[in-house]
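Summary of structural features
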Amino acid sequence: MNSKIKIELSKELEIIFQMDLLKSVSQTEYQIFNLLEKPKDTSFGQMALPVFGLSKALKLSPNEIAKQVMSYLVFKKNEGMFSYIEEIIAISGFINFKYKSKYLTDELMTFISHEPIGFKPEKKNKKLVIDYSSPNVAKPMSVGHLRATVIGQALRNLAEAQGFEVIGLNHLGDWGVQFGKLAWAFQEWQTEYDFKKEPFKALFDMYVRFHDEAEKDPVLNEKGAETFIKLEKGDPEITKLWKMFVEISMKEYQRLWDRLGVKHDLVRGESFYSDKLEDAIQRVEDKGILELSEGAYVVNVGEDMPPCLIKKSDGASLYATRDIASAIYRKEVLGSDLNLYVVGVDQTLHFKQVFKTLELMDLDWAKDCHHISFGMYRFKDLGKMSTRKGRAIFLEDVLNKSVELVKEIIAVKNPSLANKDLVAEQVGIGAVIFNDLVNDRVRDVDFDWNKILDFEGDSGPYIQYTSVRCLSVIEKFDGQKVSNYSAQNLQSISFEKEELDLICMLLGYENTLSLAFEKFKPSIVANFLLDLAKSYNSFYNKHRILGIDDENLSARRVLLTEHTQKILSAGLGVLNIQVPIKM
Ligand code: ARG
């Protein structure tokens, strides 16, 4: 657990230790905060300080240290944080701190009453520009783009929770020689395709065909390159075609973004920078770092990587050039304080080259540009996915498959469920998103349907199901009634261990969001939600909530249920996962 109660306690303990016990020991070696942990057995308390390590440094036995710390705490009993501590128990090398439940519940009530829950109330006055999803025109989004999309949107939500002003950018891949190729292909072959019925499919098929044919006949590539130069020069006919390609593609992506709940603030595709490239290149040149190499212009970005290609010998601009212009735009026009690129690990070199070029241009904000890289998908059971002609796996096929599989599960488990299609969509898509986000983004992700849709495993549906369970408890108790029981219900002294465990889990939410943003890792939120759901379920399985004689006790447990549901739902919201009411 990483919450306010831990931070406060560690601060006070550090003072005590620094004053006396640790005087002779290097402070940095013993950061109480990093040592404090959740006790293995929470019946001893909510926080434990292991003293084994200190024992060596202080040349005292763990029990001796515990005794000494305790003797200090006796004096501090009613001061600061310690006034909230009911009992301190030293046991087998650990000092356990048992908090007063009133303190814990007060903390919970305060933080849960601020909406949106876990969001910092104060604004940061800092602008964060984040580039995510950014697919390539005429190409279907692949599962690789799923990562760029859902990690990006989650980070965007987390940044908002931290009080940043966020500008979400779609750096649409809408420029480059491939559009010369596509325009040429369109002019040659358009009559052979049905653009009325399935325009996007027709575009993609044409794209694939061009590449197949160009392999046999390289002249096609020359045609494509010539046509792109025309496009760069603003040829009206080619420009009209290009616009149509972009429109058709955006319509297609929009459908997917809608299903995933993804929103951008601005579309600033690569083409947006075409009239800003000259200036960018000029600025590189003015710095004296533009070099001619085999007819092309490059920037030497150091021994450890190949030069960054700025301008090809035929004058065409490049992906990197557009990224340089775009970084300048994000800083100088949009006013970004932090500039994030959510893009796969395969583009690491590209971003290193671009950022290094910015640095060599003496742009001190180059350090505020970060490539938020992520690993690839590894498919376990490709058998269940039809890969169109063995090419990339399309995101839409994955989403559809997931929804279809959830429909099958519902048909078996809960055939009388209302709004089956809606629930299947929420659960199916949520499952795919969760499976992506629960993994530390830098690692590769296993794609295994059995795991993704395991309602009892570490999955999205498990969390959604726990939330549904909470809602049904609240409904059965009669939601109206809970509000009649005020916060007083939470102030009983006789809490069960599972209740206190749950309260402590809930208290960790706020810091989970901060930490997840700090590390740019939505997986921290996803794993927190799993732990929270598990904590609620062990409370639920062990204690009766409804149908007990003591209505006060019942109301208190329903209130805890309500708080759990609120935080599960808030956390799923941060991850862009829908929360079904029934499933
Ligand atoms: N369109 C690129 C791709 O699909 C991603 C663009 C990432 N953003 C950027 N500024 N380069 O691979």
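Since the structure is predicted, the reported quantities are computational estimates derived from the model, not experimental observations. (Residues numbered from 1 in each chain as written. Predicted model: local features only at pLDDT ≥ 70, side-chain atom pairs only at ≥ 80, totals over all residues. Heavy atoms only, no water.)

Turning our eyes to something else, we now look at the overall build of the protein chain. Tallying secondary structure elements over the protein chain gives 22 helices and 13 strands in all. Dimensions of the protein chain, computed from the C-alpha atoms along their principal axes, are close to 85 × 65 × 40 Å. The buried share among the 583 residues of the protein chain stands at 54%. Counted over contacts in the protein chain with a minimum sequence separation of 6, partners at least 24 positions apart contribute 75%. As displayed, the protein chain offers around 26600 Å² of accessible surface, 51% of which is attributable to carbon and sulfur atoms. In the protein chain, 75 side chains carry a positive charge and 84 a negative one; their mean positions are 3 Å apart. (Helix = DSSP H or I, 4+ residues; strand = E, 2+ residues; numbered from the N terminus. Buried < 20%, exposed > 50% of the residue type's maximum accessible area, 1.4 Å probe, protein only. Contact = heavy atoms within 4.5 Å. Areas by Shrake-Rupley, 256 points an atom, 1.4 Å probe, with all protein chains shown as cover. Lys, Arg positive; Asp, Glu negative; His and termini not counted. Charge placed at Lys NZ, Arg CZ, Asp CG, Glu CD.)

Time to look at the packing of aromatic side chains. On inspection of all chains with the given rule, the structure shows 27 aromatic pairs. Judged by centre distance (5.9 Å) and plane angle (65°), the rings of F186 and F245 are edge-to-face. One end of the pair, F186, is in helix α7 (residues 177-189); the other, F245, is in helix α10 (residues 236-260), and 59 residues separate them in sequence. Each member of the pair F186 and F245 is classed as buried. Chaining the aromatic ring pairs together yields one cluster made of Y377, F379, F447 and W449. (Phe/Tyr/Trp six-rings, centres within 6.5 Å; stacked < 30°, edge-to-face > 60°.)

With that out of the way, let us pick up the packing of α10 against helix α14 (residues 395-413). Across the interface, α10 lies against α14 with an axial gap of 11 Å and an inter-helix angle of 40°. Taken as axis vectors, α10 and α14 run oblique relative to one another. Between α10 and α14 lies a crossing of left-handed hand. Residues E252, R255, L256, R259 and L260 of α10 form the contact with α14, whose own contacting residues are L395, E396, L399, N400 and V403. Taken together, the residues of the contact of α10 with α14 sort by class into five nonpolar, one polar and four charged. (Axes fitted to C-alpha atoms, helices over the stretch in contact; angles between N-to-C directions. Parallel < 35°, antiparallel > 145°, perpendicular 65-115°, else oblique. Left-handed = near helix turned anticlockwise from the far one by under 90°. Nonpolar A, V, L, I, M, F, W, Y, C, P; charged D, E, K, R; others polar.)

Turning next to the pattern of salt bridges. Applying the stated criterion across every chain yields a total of 33 salt bridges. For E252, the salt bridge identified is with R255, shortest N-O distance 2.7 Å. Here E252 pairs with R255, and both are found in helix α10, just three residues apart, close to one helical turn. A relative accessible area of 18% means that E252 is categorised as buried. (Salt bridge = Lys/Arg side-chain N within 4 Å of Asp/Glu carboxyl O.)

Looking now at the pairing of strand β10 (residues 338-344). Counting buried positions along β10 yields seven of seven residues, so the element is predominantly enclosed. Here four bridges tie strand β4 (residues 127-131) to β10, and the two strands are oriented parallel to one another. Residue pairing across strands places D131 opposite Y341, the latter belonging to β10. Note that β10 and strand β11 (residues 369-374) share six bridges and pair parallel. Its bridge partner lying in β11, Y341 is registered against H371. (Pairing = 2+ DSSP bridges.)

Right, let's talk about the site of the ligand for a bit. Taken together, D131, S134, N136, H145, H171, Y319, D323, R330, Y341, V343, Q347 and F351 form the complete shell of residues around the ligand. The side chain of H171 places a nitrogen or oxygen atom 3.4 Å from a nitrogen atom of the ligand. Protein contact buries 90% of the 350 Å² of open area that the ligand shows by itself. Mapped by element, the contributors of at least two residues to the shell around the ligand are α12 (319-332) and β10. Counting residues per element, the shell around the ligand draws most heavily on α12, at three residues. Within the shell around the ligand, the residues separate by chemical class into four nonpolar, five polar and three charged. (Near = heavy atom within 4 Å. Polar contact = N/O pair within 3.5 Å; in protein donor to acceptor, adjacent residues only side chain to side chain.)

Turning to helix α11 (residues 277-286), a few remarks are in order. Every buried residue of α11 is listed here: L277, A280, I281 and V284. One face of α11 carries all of its buried residues, which in axial projection span an arc of 95°. Counted as exposed and oriented over 90 degrees from the buried face of α11: E278 and D286. Contact partners of the buried residues in α11: β7 (290-293), β8 (296-299), β9 (308-311) and α12. (Arc of directions from axis to C-beta.)

Bringing the sheet that holds β9 into the picture now. The antiparallel open sheet is built from three strands, whose spatial order is β7-β8-β9. In this open sheet, the two strands that pair with only one neighbour each are β7 and β9. Going across the sheet, the axis of each strand differs from the next one's by a mean of 45°, ignoring polarity.

Within a beta sheet, neighbouring strands are joined by backbone hydrogen bonds and run either parallel or antiparallel to one another. An order of β6-β5-β4-β10-β11 is seen for the five strands of this open sheet, with the pairing classed as parallel. The open sheet terminates on both sides in strands that have one partner only, identified here as β6 (266-267) and β11. Relative to β10, α12 is tilted by about 145°, and along the sheet it contacts β4, β5 (165-170) and β10.

Before going further, it helps to examine the nonpolar core. Counting 153 residues, the largest nonpolar core has L9 and F97 as its most contacted members. Excluding residues within four positions of it along the chain, F97 makes contact with L9, L13, F44, G45, Q46, M47, L49, L73, F82, I85, E87 and I88. Core analysis: the next-biggest nonpolar cluster, separate from the first, contains 33 residues, I281, I328, M361 and A366 among them. (Core = buried A, V, L, I, M, F, W, Y, C linked by side-chain atoms within 4.5 Å.)

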